[in-house]
There are 2 protein chains.
Amino acid sequence: MSTTLDVEKLLRGASLRVTRPRVAALTAVYEHPHADTESIIGAVRENFGEVSHQAVYDVLRALTTAGLVRRIQPSGSVARYESRVGDNHHHVVCRSCGVVADVDCAVGTTPCLTASDDHDFAIDEAEVTYWGLCPDCSTALGS
Amino acid sequence: MSTTLDVEKLLRGASLRVTRPRVAALTAVYEHPHADTESIIGAVRENFGEVSHQAVYDVLRALTTAGLVRRIQPSGSVARYESRVGDNHHHVVCRSCGVVADVDCAVGTTPCLTASDDHDFAIDEAEVTYWGLCPDCSTALGS
DNA sequence: CCATTTTCTTGAATCAGTCAAGAATCCAGC
DNA sequence: GCTGGATTCTTGACTGATTCAAGAAAATGG
């Protein structure tokens, strides 16, 4: 778990000013991986008191731009954020409840990054989303 | 290119009623791959006269559910539709202009479908999105 | 401690997509 | 061909995530 000081260092390291909303939001992302914006706003308010939702949106965008958090948004879902960045990992998403779990890349270090025909695009990332049912929904829905 | 009759057969084959808005929408998806809902509404109105946007939303959902079209929605984009279904292909998305192109799967018939740790999810699909810059944006932005 | 710049608050706006109720349409069966 | 019943379309309002804008507050360098 990251302490407040660690979070401060991360922010300064990214040339970002250290403010309460930022510390709180970044901490919340670390503590609640794959949380949506609304949940993060809730977590921030629990730990640090009232903060405007706009501030959290701004902070999350700044953190994403700085590369301190990653934003993911599976089809039909709202934006979610996670602190695991820099490694090449992917996600499994439950079609029923929308829960997200991490999946390490199955094919080496720069996996799947070779498209069969790249149409002359300059590709810099291959994002893999696995779709299915989580164990709970599987049990609830299946036989 | 599909004729009206072909489209009719597709609809009947999927046990869907054949209505003008449906024929028009399905035709539009065939003629404009990766078009967003707004564009499809526009195309439908050009070919068949006024249709409510609600009807197009309903039709696209019905077609998607029936498996006649596929809905894709890259992060930060609105929903887009394509008629290529059933084959396992993926997409390249331009980070700058949002244009989408098809990419055949690089790794065989059920590609990338093997997650390194599936967290006991019952996975039924692996969706790959390649991110980068299209040739045009590459030229416009890069040196 | 001050000035400058960035960030936060407040409040309104946008936009894709959805909900709901009634009118129109499709199609199976006569 | 008509008719009944179910599905689909029209109209119009609404939701909810996200963004815009302007001024107040706070953080950092000097």
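Residues numbered from 1 in each chain as written. Chains lettered and ligands numbered in written order. Predicted model: local features only at pLDDT ≥ 70, side-chain atom pairs only at ≥ 80, totals over all residues. Heavy atoms only, no water.

Trainee: Tell me about the protein's contact with DNA strand D, and please be specific about residues and values.
Mentor: The environment of DNA strand D is formed by 20 residues, the closest being Gln54 of chain A together with Thr19, Arg22, Ser52 and Ala55 of chain B. A share of 60% of the atoms of DNA strand D within 4 Å of the protein falls on sugar and phosphate groups. Note that a phosphate oxygen of DNA strand D is positioned 3.1 Å from one of the backbone N or O atoms of Val18 of chain A. Gln54 of chain A has a polar side-chain atom sitting 2.3 Å from a base nitrogen of DNA strand D. At the level of secondary structure, the elements contributing two or more residues to the surface near DNA strand D comprise α4 (53–66) of chain A together with α2 (20–31) and α4 (53–66) of chain B. (Near = heavy atom within 4 Å. Polar contact = N/O pair within 3.5 Å; in protein donor to acceptor, adjacent residues only side chain to side chain. Helix = DSSP H or I, 4+ residues; strand = E, 2+ residues; numbered from the N terminus.)

Trainee: Requested: an account of the protein's contact with DNA strand C, with residues and values cited.
Mentor: Taken together, 20 residues form the shell around DNA strand C, and within it Thr19, Arg22 and Ser52 of chain A together with Val18 and Gln54 of chain B come nearest. Counted by atom, the contact set of DNA strand C within 4 Å of the protein is 67% sugar and phosphate. At 3.0 Å, a side-chain N or O of Arg17 of chain A approaches a base oxygen of DNA strand C. Tyr57 of chain B is positioned such that a nitrogen or oxygen atom in its side chain is 3.2 Å from a phosphate oxygen of DNA strand C.

Trainee: Give a detailed account of the nonpolar core, specifying residues and quantitative values.
Mentor: Ranked by internal contacts, the top residues of the largest apolar core, which has 24 residues, are Leu11, Leu26, Ile40, Val44, Leu63 and Tyr81 of chain B. Residue assignment for this core shows that the elements contributing at least two residues are α1 (4–13), α2, α3 (37–48) and α4 of chain B. No other element matches the six residues that α2 of chain B contributes to this core. With residues up to four places along the chain from it excluded, the contact list for Leu11 of chain B reads Leu16, Arg17, Val18, Arg22, Val23, Leu26, Leu63 and Leu68 of chain B. If you look at the next biggest cluster of nonpolar residues, it comprises 23 residues, including Leu11, Val29, Ile41 and Ala43 of chain A. (Core = buried A, V, L, I, M, F, W, Y, C linked by side-chain atoms within 4.5 Å. Buried < 20%, exposed > 50% of the residue type's maximum accessible area, 1.4 Å probe, protein only. Contact = heavy atoms within 4.5 Å.)

Trainee: Can you break down the layout of surface pockets residue by residue, with the values?
Mentor: There is about 440 Å³ of room inside the largest pocket. What lines the largest pocket is a set of 16 residues, among which Arg70, Arg71 and Glu125 of chain A together with Arg95 and Trp131 of chain B lie closest to the centre. When contributions to the lining of the largest pocket are tallied by element, the ones reaching two or more residues are β2 (70–72), β4 (89–94) and β6 (122–133) of chain A. Ranked by residue count, the leading element in the lining of the largest pocket is β6 of chain A, at four residues. Approximately 320 Å³ is the volume attributed to the second largest pocket. Lining the second largest pocket we find Ser75, Gly76, Ser77, Arg95 and Trp131 of chain A together with Arg70, Arg71, Ile72, Gln73, Glu125 and Glu127 of chain B. Within the residue set of the lining of the second largest pocket, elements represented by two or more residues are β2 (70–72) and β6 (122–133) of chain B. Grouping the constituent residues of the lining of the second largest pocket by class yields two nonpolar, four polar and five charged. (1 Å grid on protein atoms, 1.4 Å probe; cavity = no way out; pocket = protein on both sides within 12 Å on 5 of 7 lines; lining within 4 Å. Points joined across faces, edges and corners; volume = space filled by probe spheres on them. Nonpolar A, V, L, I, M, F, W, Y, C, P; charged D, E, K, R; others polar.)

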